[in-house]
Amino acid sequence: MFYHSKKLQYFKPPEKPDPVYAMKIQELIGGTFGEMTVMMQYLFQGWNCRGPAKYRDMLLDVGTEEIGHIEMLATTIAHLLDKAPLKVQEEGVKDAVVGAVMGGTNPREVIMNAAMNPQHAIVSGLGATPTDSVGYPWNGRFIVASGNLLADFRSNLHAESQGRLQAVRLYEMTNDPGVKDTLSFMIARDTMHQNLWLAAIEDLEQSGLETTPVPSSFPLELEKREFAYQFWNHSEGNESAEGRWAKGRSMDGKGEFEYVANPQPLGPEPQPPQPEAQLHDTPQNTQAQQGNGSSSPPVVQRIG
């Protein structure tokens with residue numbers, strides 16, 4: 001059961017409308033690493049959790065918090081779009097478009113960078129949408145909920161790292177004190193969440209429930225262990241040999257890194273199997289052909 005409090009987690013209204021910036025901030029809602037993604041990711045991980053109750057409870061806590069972040073951003077976008085009709089933006093971009101044409105650059109890029117998202121006026125009535133900054137709809141394929149907590153927590157750390165990076169970039173793109181203040185709160189929460197997932201990874205590994213490599217339940221003797229810790233140099237130069245991954249004890253403590261400067265192929269040249277006649281693929285030689293097929297039975301009959 002979910003309850004909604006009418007008060008926002010945190011919010012400072014923008015000081016003035018900015019429909020161009022409203023289009024940009026949509027990335028924090030419906031982008032690949034936006035709040036919709038982490039909200040759904042954490043909630044589904046929690047709902048699917050079969051592990052200790054503390055992990056399920058924590059995932060649902062954070063996932064529910066992220067619902068509030070979406071509401072904060074949607075409210076920010078509504079303020080940025082308020083009293084800022086499309087006509088104002090069209091007038092403001094005219095000189096830039098002329099300058100782009102005269103200067104030999106792409107005027108479409110100037111228009112996209114300087115105009116508001118027309119869907120904010122046409123579709124959502126000056127409100128936020130479940131899309132990214134270029135109007136691409138949010139997609140459930142963005143989320144990761146595998147059932148393996150170590151794999152999921154690592155994905156969560158990645159998502160929060162990318163999300164904080166994008167929030168910081170958007171912070172640098174505005175001079176509005178209200179927007180900066182709201183983003184500053186969200187950036188701080190991203191800091192907490194990065195630390196949270198690092199702590200959760202450590203907690204999970206120390207519990208012995210999961211260890212590296214994921215999944216730790218797969219018997220190591222079933223993998224070809226002689227290749228498990230080799231770094232293969234697949235480019236010119238040997239600078240990669242200077243990294244931590246090229247020598248010393250492996251990160252899981254179960255092997256020693258080995259640098260292979262000139263890796264060699266371990267398999268033969270492929271010989272694709274020849275196609276069945278009814279598929280009419282081009283064969284390797286003429287002996288595999290069976291005339292022009294005019295006397296062959298119908299393909300449905302042959303396959304059936």
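Cut-offs applied
- Residues numbered from 1 in each chain as written.
- Predicted model: local features only at pLDDT ≥ 70, side-chain atom pairs only at ≥ 80, totals over all residues.
- Heavy atoms only, no water.
- Helix = DSSP H or I, 4+ residues; strand = E, 2+ residues; numbered from the N terminus.
- Buried < 20%, exposed > 50% of the residue type's maximum accessible area, 1.4 Å probe, protein only.
- Areas by Shrake-Rupley, 256 points an atom, 1.4 Å probe, with all protein chains shown as cover.
- Phe/Tyr/Trp six-rings, centres within 6.5 Å; stacked < 30°, edge-to-face > 60°.
- Lys NZ or Arg CZ within 6 Å of the ring centre and 35° of its normal.
- 1 Å grid on protein atoms, 1.4 Å probe; cavity = no way out; pocket = protein on both sides within 12 Å on 5 of 7 lines; lining within 4 Å.
- Points joined across faces, edges and corners; volume = space filled by probe spheres on them.
- Pairing = 2+ DSSP bridges.
- Salt bridge = Lys/Arg side-chain N within 4 Å of Asp/Glu carboxyl O.
- Core = buried A, V, L, I, M, F, W, Y, C linked by side-chain atoms within 4.5 Å.
- Contact = heavy atoms within 4.5 Å.
- Polar contact = N/O pair within 3.5 Å; in protein donor to acceptor, adjacent residues only side chain to side chain.
- Axes fitted to C-alpha atoms, helices over the stretch in contact; angles between N-to-C directions.
- Parallel < 35°, antiparallel > 145°, perpendicular 65-115°, else oblique.
- Left-handed = near helix turned anticlockwise from the far one by under 90°.
- Nonpolar A, V, L, I, M, F, W, Y, C, P; charged D, E, K, R; others polar.

S.K.: Explanation requested: the overall build of the chain in the structure shown.
M.R.: A count of helices and strands for the chain gives 10 helices and 3 strands. Counting from the amino terminus, helix and strand elements in the chain follow one another as α-α-α-α-α-α-α-α-α-β-β-β-α. The buried share of the chain, reckoned over its 304 residues, is 32%. As displayed, the chain has an accessible area near 19000 Å², and 56% of this comes from carbon and sulfur atoms.

S.K.: When you look at the packing of aromatic side chains in this model, what are you seeing that I'm missing?
M.R.: Here the distance between the centres and the angle between the planes together describe a pair of aromatic rings. Summed over the entire model, instances satisfying the criterion amount to 8 aromatic pairs. Ring geometry for Tyr10 and Phe185: centres 4.8 Å apart, planes at 5°, overall stacked. Of this pair, Tyr10 sits in the segment before helix 1 (19-25) while Phe185 is found in helix 9 (residues 177-207), placing the two residues 175 residues apart along the sequence. Using a relative accessible area of 27% as the deciding quantity, one classes Tyr10 as partly exposed. Counting every residue linked through ring pairs, the aromatic cluster contains Tyr42, Tyr55, Phe153 and Trp197. The aromatic ring of Tyr171 is capped on one face by Lys180, whose charged end is 3.7 Å from the ring centroid.

S.K.: Sorry if this is basic, but what is going on with empty space enclosed by the protein here?
M.R.: Under the criterion given, the structure shown has 1 cavity of 30 Å³ or more. Within this model, the largest cavity holds a volume of roughly 90 Å³. As for the largest cavity, its lining consists of Leu28, Phe33, Gly34, Glu35, Val38, Ala159, Glu160, Gly163, Ala167, Met186 and Asp190. Those elements that place two or more of their residues in the lining of the largest cavity are helix 3 (35-47), helix 8 (149-172) and helix 9. If you tally residues by element for the lining of the largest cavity, the top one is helix 8, at 4 residues.

S.K.: Please explain the sheet that holds strand 3 (residues 256-260) as it appears in this structure.
M.R.: What holds strands together in a sheet is hydrogen bonding between their backbones, with the strands either parallel or antiparallel. If you walk across this open sheet you meet the 3 strands as 1-3-2, and the pairing is mixed. Strand pairing shows two members of the sheet lacking a second neighbour, strand 1 (230-232) and strand 2 (248-249), which therefore form its edges. Where strand 2 meets strand 3, 2 bridges bridge the pair, whose relative direction is antiparallel. Paired with Arg249 across the bridge in strand 3 is Glu256.

S.K.: Sorry if this is basic, but what is going on with the pattern of salt bridges here?
M.R.: Close approach of charged atoms lets side chains of opposite charge pair. Summed over the entire model, instances satisfying the criterion amount to 5 salt bridges. A salt bridge links Glu65 to Arg189; the shortest N-O distance between them is 2.7 Å. Of the two residues, Glu65 is situated in helix 4 (residues 53-81) and Arg189 in helix 9; the sequence distance between them amounts to 124 residues. Glu65 gets classed as buried once you look at its relative accessible area, which sits at 15%. Overall, Arg189 belongs to the partly exposed group, its relative accessible area being 26%.

S.K.: Would you explain the nonpolar core in this entry?
M.R.: One broad trend across soluble globular proteins is that nonpolar side chains are buried collectively. The biggest cluster of nonpolar side chains holds 22 residues, and the ones touching the most others in it are Tyr21, Ile25, Leu28 and Leu183. Only helix 1, helix 2 (27-30), helix 3, helix 4, helix 8 and helix 9 provide two or more residues apiece to this core. It is helix 4 that provides the largest number of residues to this core, a total of 6 residues. For Ile25, the residues in contact, after removing those within four places along its chain, are Leu73, Thr76, Ile77, Leu170 and Leu183. Core analysis: the second largest hydrophobic core is formed by 17 residues, Met58, Leu149, Ala200 and Leu204 among them.

S.K.: Would you take a moment to explain the environment of Pro272 for this structure?
M.R.: Take Pro272: it is sitting in the loop between strand 3 and helix 10 (299-303). Placed 12 residues apart in sequence, Pro272 and Gln284 show a C-alpha to C-alpha distance of 9.2 Å.

S.K.: Help me out: how do you make sense of the environment of Lys54 in this one?
M.R.: Along the polypeptide, Lys54 turns up in helix 4. Of the polar contacts made by the side chain of Lys54, one reaches the side chain of Asp203; its length is 3.0 Å.

S.K.: Would you take a moment to explain the side chain of Gln26 for this structure?
M.R.: Summarising the element assignment, Gln26 is placed in the loop between helix 1 and helix 2. Taking the relative accessible area as the measure of exposure, Gln26 reaches 0% and is therefore buried.

S.K.: Any chance you could explain the packing of helix 3 against helix 4 here in plain terms?
M.R.: Helix packing for two helices is described by the angle between their axes and how far apart those axes are. Close contact between helix 3 and helix 4 brings their axes to 8 Å; oriented N to C, the two are set at 155°. The orientation of helix 3 with respect to helix 4, classified from their angle, is roughly antiparallel. At the point where helix 3 passes helix 4, the crossing takes the left-handed sense. Within the contact between the two elements, helix 3 uses Glu35, Met36, Val38, Met39, Tyr42, Leu43, Gln45, Gly46 and Trp47 and helix 4 uses Arg56, Leu59, Leu60, Val62, Gly63, Thr64, Glu66, Ile67, His69, Ile70 and Leu73. When its residues are assigned to classes, the contact of helix 3 with helix 4 shows 12 nonpolar, 5 polar and 3 charged.

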